[in-house]
Amino acid sequence: MRKKSLWAPAVLLALAGCGHQPEAGAVGHASTHASTSPAPPPVAWTGLAAIDPCTLLTPQDRSAAGVSVLGKPKDIAGARACDWTVPGTFGVTVTLSETDGLADLEVAKKTATRTKVGAHPALQVADKKAADGTCAVLLGVGDTASVQIDVSNTGFSDTPLACRRAGTVAGLVEPKLP
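This structure is a prediction, so every number in the text was calculated from the model and none was measured.

Visitor: So what's going on with the overall build of the protein? Which residues, and what values?
Guide: A count of helices and strands for the protein gives two helices and nine strands. Listing the helices and strands of the protein from first to last along the sequence gives β-α-β-β-β-β-β-β-β-β-α. Residues classed as buried in the protein amount to 37% of the 178 residues present. The contacts in the protein between residues at least 6 apart in sequence include a share of 55% that link residues at least 24 apart.

In structure tokens, the structure reads:
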């Protein structure tokens, strides 16, 4: 599965002098506003920026999902992710995308099933014909963000089991999302 790289032009808002009070010694001057650096442009905040993906599975969640190891942070194509690999069994990766909503993700229609996990729209993605032991659940977080849960079984077999595992992890992660 490949994520689309869509970069929307940033919307710049100029906020000149908001709340700026003149200094006491500046009385009588026509302009007292002296700024050495402009304020950074506002950024659409999805709420995912405040989340560490490795904290999305608590020890109790990991136990419920059959994950006996701690997660390791990683970067996947510029997106923050966490990877849990249970030796000899399966691996799960949770990736946070602050720039791609469900509609922005490139997913083969024949492999995706629309669903809902808690309050979030979702897609379950698995190629049942390939039977490769992999499955993903993609959770929409607003229109411009998403969380991807990927599961790969050791030996790359039993896709239905991979989908059950991905669904379990998605159900544990979803209540923690904005």
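After that view of the structure, there is still more to cover.
Visitor: Could you give an account of the side chain of Asn 153, with specific residues and numbers?
Guide: Inspection of the secondary structure puts Asn 153 in strand E9 (residues 145-153). In terms of polar contacts, Asn 153 uses its side chain to reach the side chain of Arg 165, at 2.7 Å. Setting aside anything within four residues of it in sequence, one finds Asn 153 in contact with Thr 89, Phe 90, Gly 133, Asp 158, Leu 161, Ala 162 and Arg 165.

Visitor: Please set out the environment of Gly 167 residue by residue, giving values where relevant.
Guide: Here Gly 167 lies in helix H2 (residues 159-173). Placed 31 residues apart in sequence, Gly 167 and Ala 136 show a C-alpha to C-alpha distance of 8.3 Å.

Visitor: Describe the pattern of salt bridges, with residues and values.
Guide: Evaluation of the coordinates by the stated rule reveals two salt bridges. Across the salt bridge formed by Asp 61 and Lys 176, the nearest N and O atoms sit 2.3 Å from each other. A residue pair is termed long-range when its members are at least 10 positions apart, and Asp 61 in helix H1 (residues 59-65) and Lys 176 in the segment after H2 qualify at 115 residues. Relative accessible area serves as the criterion here: at 11%, Asp 61 is assigned to the buried category. As a salt-bridge pair, Glu 98 and Arg 80 come within 3.1 Å of each other at their nearest N and O atoms. Here Glu 98, found in the loop between strand E4 (90-97) and strand E5 (105-106), pairs with Arg 80, found in strand E3 (residues 79-86); they are 18 residues apart in sequence, far enough to count as distant.

Visitor: Can you break down the pairing of strand E2 (residues 72-76) residue by residue, with the values?
Guide: Judged by how many residues are buried, E2 sits mostly at the surface: zero of five residues are covered. Relative to E3, E2 runs antiparallel, the two being bridged by five bridges. Across the sheet, the residue bridging to Pro 73 is Cys 82, located in E3. Here E2 folds back onto E3, and the loop between the two strands holds two residues, one of which, Ala 77, carries a positive phi near 50 degrees.

Visitor: Tell me about the sheet that holds strand E7 (residues 120-125), and please be specific about residues and values.
Guide: Spatially, the seven strands line up as an open sheet ordered E2-E3-E4-E9-E8-E7-E6, and their pairing is antiparallel. Because the sheet does not close on itself, it has two edges, and the strands there are E2 and strand E6 (112-117). Averaged over neighbouring strand pairs, the angle between their axes works out to 25 degrees when direction is ignored. Taken together, the eight bridges between strand E8 (residues 134-141) and E9 define a ladder with antiparallel strand orientation. Counted as the bridge partner of Ala 136 is Asp 150 from E9. On top of the sheet, H2 reaches E4, E6, E7, E8 and E9; it is set at about 140 degrees to E9, its chief contact.

So, how was this worked out
Counting from 1, residues in each chain are numbered in the order their sequence is written. Confidence filtering applies because this is a predicted model: local features only for residues at pLDDT of at least 70, side-chain atom pairs given and counted only at 80 or more, and all residues used for totals across whole chains, interfaces and linings. To get the side-chain values, all heavy atoms of the structure are used, and hydrogens and water are removed first. Strands are runs of DSSP state E lasting at least two residues, helices are runs of H or I lasting at least four, and both sets are numbered from the N terminus onward. Between buried and exposed lies partly exposed: a residue is buried under 20% and exposed over 50% of the maximum accessible area for its type, with that area taken using a 1.4 Å probe on protein chains only. Here, two residues are considered to be in contact whenever any of their heavy atoms come within 4.5 Å of each other. N or O atoms closer than or at 3.5 Å make up a polar contact, with two conditions inside protein: a donor-capable atom paired with an acceptor-capable one, and, for residues adjacent in sequence, both atoms drawn from side chains. Salt bridges are defined as contacts in which a side-chain nitrogen from Lys or Arg sits within 4 Å of a carboxyl oxygen from Asp or Glu. Two strands are said to pair when DSSP picks up at least two bridges between them. Think of each axis as a best-fit line through the C-alpha atoms, taken over the contacting stretch in the case of a helix, with angles from 0 to 180 degrees between the N-to-C directions.

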